[in-house]
Protein chains: 2
Amino acid sequence: MVPIVAELDLAPRIDAVRRFNRFYTRHVGALNEGLLESRFSLTEARVLYELAHRELPTASELGKVLGLDAGYLSRILGGFRKQGLVGSQPSQADGRQSLLTLTESGRAAFELLDARARKEIAEMLGRLPEPEQRRLIAAMHAIGSLLGAPEQAEAADKSSYLLRPHQPGDMGWVVGRHGALYAQEYGWDEQFEGLVAGIVAEFLKRYDPKRERCWIAEQDGENVGSVFLVQHSKTVAQLRLLLVEPRARGLGIGARLVAECVRCARQLGYRKITLWTQSVLHAARHLYERAGFELVQEQPHRSFGKDLIGETWELKLTPGA
Amino acid sequence: MVPIVAELDLAPRIDAVRRFNRFYTRHVGALNEGLLESRFSLTEARVLYELAHRELPTASELGKVLGLDAGYLSRILGGFRKQGLVGSQPSQADGRQSLLTLTESGRAAFELLDARARKEIAEMLGRLPEPEQRRLIAAMHAIGSLLGAPEQAEAADKSSYLLRPHQPGDMGWVVGRHGALYAQEYGWDEQFEGLVAGIVAEFLKRYDPKRERCWIAEQDGENVGSVFLVQHSKTVAQLRLLLVEPRARGLGIGARLVAECVRCARQLGYRKITLWTQSVLHAARHLYERAGFELVQEQPHRSFGKDLIGETWELKLTPGA
DNA sequence: TGAATTTATTTGACAGAGTCAATTAAATCG
DNA sequence: CGATTTAATTGACTCTGTCAAATAAATTCA
C-alpha cells in the first residue's frame, strides 16, 4: 500500500538518479556534438573548443581545464600544428611555454563543428513545443545549480533575463515561491502563502489591462522574479509581490522590476505609487530606497507567526518627467 | 537593453543545453559508478548491470540494448566466462545463441559494484538538504520525460507515489498547475487560475485541521496531484481542486485521492460530500461516479471564456460503514 | 651565485576501448 | 534444396588515455 506520510527513504531517489544518469549518458552520446562526419575525435573537439574560447592559452592550461594527460595533449596539439590548425608563439614570460592560437583554418574548423553541434541541439529542441522547451531549460538549470556548476552561475549576466507579462501558471508560481521562500528564509507560516493567493486571486478577478500590470522575469525559460502594479485609487498605484529567486539575485532584476513599475505608473498617469513591506526585508527596502521611495509609516503587527514591523513607502510621480 | 517582450530566440537555449551537457558529462564522469577500485571498466560494468537485470539474455540482445559492437561484446563476455562470472546454456530455440546467466560470483561482483554506486549517489544526495533533493529528482524526471525516456515512464508503477499533507509552496503549485493545464487542455482563460487562487487563499485563511484536509500526491519528489476536503457546512464536506498531472495519469492517483477524501470525510463525521465539476471533465466525472457520487444538479453557465455545464455531485455517507 | 628542485613540454612504450571486416555455423526464406 | 540472413567469434586495426623518461627553462634556497 502507498504510505500516507512521507518517510525519508533515499532508495527510490538513488534509483531515480541512476536511471537518469544512464538515460542522459546515452542521450548525450547520441548527440555526438557535431563531429559525426568530421575528422576530429571527441577529445580533439574539446581541445578545439577551448582553443577557440581562450586568449593565447598554454598547453598546460588546456590540460588542466580539460583534465587531459600532458603527453596526450601534446600529441593532439602536434597533430593540429601539422594540419595548420594552430600556431604558437614563444612566451616572453616563460621560455618553456608556447602561447597557442587558432589559425584561420583552425577557426574555420571550429566554426563548422560548432555550427553542426548547434544545429543538432536546435533540432532536438525543435521537436518540443515552446513551453516544454522552457521546462527543459528550467530543469537543466535547476540540476546545474543544485549540483554546483559554477559556470552556470557565471554565465548568467545582466542581459540573460527578460521581462514579460503573465501567462497561465505564472500566478501559481508567484504564490508558491512566495510561500516557500518566505517560509525558508524568514520562517513565516502558511498564512503568508494564503495572503499572496488572495492578492493574486483579486488581481486576476479585477484585472484591468489599461490600469494594471504584472511582470514576470524569466531566465533561460524559468521564472525568476515577479512584480505587480495594481490600482489603489484613481491616482495612486500600488506595487506588490516583488520577488527575485535567490539564485538570480545580484543581476539587477529587482531594481529592473521596480524601475519598470515606476516607468509604467508614470505612463498610465498615476500621481503616486505606494507599497507595503516589512522592516526585515532588507534587500527589498534597499531597492525601494534607491528607486526614490520614502518611508512614510511604520506599524508593528503580528502576522505569519512572527512579530513584524510593517512599513508603508511612497513615491510621488511628477507627471512631466 | 533587456527586451520586455519575449522573442522566440533559440540561441540562448541552445547554449544552455550545451552548457548543461558539458557539465553533466563531467559530473557523471566524476561519479564513476562505483568502479573506482574495481577490476571492471565502465562498459564491463554496464554489461554486468544488464546481465543482472535480465532473464537469460543472449549476447545479441545485450549488444542491442547497450549499443555495443558485437565483437567487442563477445570479447567482454569471453573474459567474464574465463573469470567465472557468467555461465551460458545453449538455446533450445536457436542453436547459434547461448543464454547467459550470472554465476554466484558474478552476481556477487555485481552486488558489490551496485552497492558502491548506490553509496556514491547517496553521498551526493546527502550533501543536499531534503527539499533540494526533491527538486533535483523532479528536474531529472522532467528532463527524462521531455526527452522521451520510455523507461522513465515504465518505471512508474502504482506504488511509486505517496500522499502527504501540504507544505509551503504547494498551494502555489495547485494554483499554477490548474491554471496552466486547464488553459492548455480546455482553453480556459485566466479567470480560472484566479478562481483557484481564491479557493486556496480561503482554504489557508480558514484552515481547520480537525475538519479539513489537503493531500498532495508526490512522485520522485515532484508534485503530481492534489485534492482538498473542506467544510461546506457542519455535516457536509466539499471535495475541491482534484488534479492529476498528465504524465502521472493512469496510475490510479486520482481514484486514490478521491478515496482518501471519502474515507477521511467519513472519519470526521460528515454525512455527505458534495462537489462541483464541469461536464467536459470526463476523467474526473468517471472517478466521482466510480467512488459512488451521484449527479444531482446541472447548470449551464459561461465562465473562463467558455460555455460550460456545471454539475453538482453528492455522496451520502453512512456513518456506520 | 650556484646547486637542487620544480615545471612545461615532448617523446617512447604500452594498455584499454572500440571499430571493421572476415569467418563459421545455424536459421530462415523462397 | 540453394540463397540469404543472423548470432557469435576472431584478427587486425585505430583511437583514447596512461606512465615513465628526457629535456630545457624557471624557481628555490643555502
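Scroll up to find the structure.
Since the structure is predicted, the reported quantities are computational estimates derived from the model, not experimental observations.

Visitor: Can you help me understand the sheet that holds strand E3 (residues 161-164) of chain B in this one?
Guide: Two orientations exist for strands paired in a sheet by backbone hydrogen bonds: parallel and antiparallel. Residue and element names in this part refer to chain B. Reading across from one edge, E3-E4-E5-E6-E7-E9-E8 is the order of the 7 strands in this open sheet, with mixed pairing throughout. The open sheet is flanked by E3 and strand E8 (294-303), the only strands paired with a single partner. Averaged over neighbouring strand pairs, the angle between their axes works out to 20 degrees when direction is ignored. Of the strands in this sheet, strand E5 (222-231), strand E6 (236-244) and E8 are in contact with helix H9 (residues 190-206), which crosses E6 at around 130 degrees. Packed onto the sheet, helix H11 (residues 282-290) meets E6, strand E7 (272-278) and strand E9 (306-316) and runs at close to 160 degrees relative to E7.

Visitor: When you look at the protein's contact with DNA strand D in this model, what are you seeing that I'm missing?
Guide: Around DNA strand D sit 21 residues, and of these Ser-41, Gly-71 and Gly-95 of chain A together with Ser-60 and Gly-71 of chain B come closest. Listing elements by their share of the surface near DNA strand D, those giving two or more residues are helix H2 (42-53) and helix H4 (70-82) of chain A together with helix H3 (59-66) and helix H4 (70-82) of chain B. Per-element accounting of the surface near DNA strand D gives the leading share, 6 residues, to H4 of chain B. The class makeup of the residues in the surface near DNA strand D is 5 nonpolar, 11 polar and 5 charged.

Visitor: Can you walk me through the protein's contact with DNA strand C in this structure?
Guide: Around DNA strand C sit 20 residues in total, of which Ser-60 and Gly-71 of chain A together with Ser-41, Gly-71 and Gly-95 of chain B are the nearest. Going through the elements one at a time, helix H3 (59-66) and H4 of chain A together with H4 of chain B are the ones with two or more residues in the surface near DNA strand C. Residue contributions to the surface near DNA strand C peak at 6 residues, all from H4 of chain A. Tallied by class, residues from the surface near DNA strand C come to 4 nonpolar, 11 polar and 5 charged.

Visitor: Before we go on, may I ask you to explain the relation of the copies chain A and chain B in this structure?
Guide: The relation between the two chain copies is a rotation about an axis coupled with a shift along that axis. For the pair chain A and chain B, the best superposition has an RMSD of 0.3 Å and corresponds to a rotation of 179 degrees with a translation of 0.2 Å parallel to the axis. Here the transformation between the copies is reduced to the relation of a two-fold axis.

Visitor: What am I meant to see in the pairing of E7 of chain B here?
Guide: Along any regular strand the residues' side chains alternate between the sheet's two faces. Residues and elements named next belong to chain B. Residues Ile-273, Leu-275 and Thr-277 line the buried face of E7, whereas the alternating positions Lys-272, Thr-274, Trp-276 and Gln-278 sit on a face that is not buried. Relative to E7, E6 is paired through 4 bridges, and the arrangement is parallel. Bridge assignment links Leu-239 to a residue of E7, and that residue is Leu-275. Following the chain from E6 across helix H10 (residues 253-267) to the adjacent parallel E7, one finds a crossover that is right-handed. Where E7 and E9 come together, 7 bridges link them in antiparallel fashion. Bridge pairing links Ile-273 to Leu-315 in E9.

Visitor: Can you walk me through the nonpolar core in this structure?
Guide: The nonpolar side chains of a soluble globular protein tend to be buried with one another. In terms of nonpolar packing, the biggest core is built from 92 residues, with Ala-197, Val-200 and Ile-273 of chain A together with Ala-197, Val-200 and Ile-273 of chain B touching the most fellow members. Discounting residues that sit within four places of it in the chain, Ile-273 of chain B has contacts with Ala-237, Leu-239, Cys-261, Val-262, Ala-265, Glu-314, Leu-315 and Leu-317 of chain B. Ranked by size, the runner-up nonpolar core spans 56 residues in total, among them Ala-16, Leu-100 and Ile-121 of chain A together with Ala-139 of chain B.

Visitor: Would you mind showing me how to read the interface of chain A and chain B here?
Guide: As a measure of interface size, the accessible area lost when the parts come together is often cited. Facing the 76 residues of chain A at the interface are 75 residues of chain B. Broken down by secondary-structure element, the contributors of at least two residues to the side of chain A that touches chain B are helix H1 (10-31), helix H5 (104-126), helix H6 (130-146), helix H7 (150-155), strand E3 (161-164), helix H8 (170-186) and helix H9 (190-206) of chain A. Among the elements that line the side of chain A that touches chain B, the one with the most residues is H1 of chain A, at 15 residues. Considering only residue class, the side of chain A that touches chain B consists of 44 nonpolar, 16 polar and 16 charged.

Visitor: Which parts of the structure should I look at to understand H8 of chain A?
Guide: With 17 residues, H8 of chain A ought to run about 24 Å at 1.5 Å a step, and its terminal C-alpha atoms sit 23 Å apart, in line with that. All of the buried residues along H8 of chain A are Asp-170, Met-171, Gly-172, Trp-173, Val-174, Val-175, Gly-176, Arg-177, His-178, Gly-179 and Tyr-182 of chain A. In the core, the buried residues of H8 of chain A are packed alongside H9, strand E4 (213-219), strand E5 (222-231) and strand E6 (236-244) of chain A together with helix H8 (170-186) and H9 of chain B. One or two steps after H8 of chain A, the chain reaches Gly-187 of chain A, where phi turns positive at roughly 75 degrees.

Visitor: What's the story with the sheet that holds strand E8 (residues 294-303) of chain A in this structure? I'm lost.
Guide: Residues and elements named next belong to chain A. The sheet built from 7 strands is open, its strands ordered E3-E4-E5-E6-E7-E9-E8 with mixed pairing. Two strands bound the open sheet, and with one partner strand each, they are E3 and E8. Here the average twist between neighbouring strands, direction ignored, is 20 degrees. Strand contacts of H8: E4, E5, E6 and strand E9 (306-316), with the helix running at about 65 degrees to E6, the strand carrying the most contacts.

Visitor: Sorry, what's going on with unusual backbone geometry here?
Guide: Trans peptide bonds make up most of the peptide bonds, and negative phi angles are found at most residues other than glycine. Even without being a glycine, Leu-241 of chain A presents a positive backbone phi close to 55 degrees. Relative to the helices and strands, Leu-241 of chain A is located in strand E6. At Leu-56 of chain B, a residue that is not glycine, the phi angle is positive and equals roughly 40 degrees.

Rules and cut-offs
- Residues numbered from 1 in each chain as written.
- Chains lettered and ligands numbered in written order.
- Predicted model: local features only at pLDDT ≥ 70, side-chain atom pairs only at ≥ 80, totals over all residues.
- Pairing = 2+ DSSP bridges.
- Helix = DSSP H or I, 4+ residues; strand = E, 2+ residues; numbered from the N terminus.
- Axes fitted to C-alpha atoms, helices over the stretch in contact; angles between N-to-C directions.
- Contact = placed C-beta atoms within 7 Å.
- Near = placed C-beta within 6 Å.
- Nonpolar A, V, L, I, M, F, W, Y, C, P; charged D, E, K, R; others polar.
- Least-squares fit on C-alpha atoms with pLDDT ≥ 70 in both.
- Buried ≥ 20, exposed ≤ 12 C-beta atoms within 10 Å, placed from the backbone.
- Right-handed = clockwise from strand over helix to strand, strands pointing away.
- Core = buried A, V, L, I, M, F, W, Y, C linked by C-beta atoms within 7 Å.
- Expected span 1.5 Å × (residues − 1).

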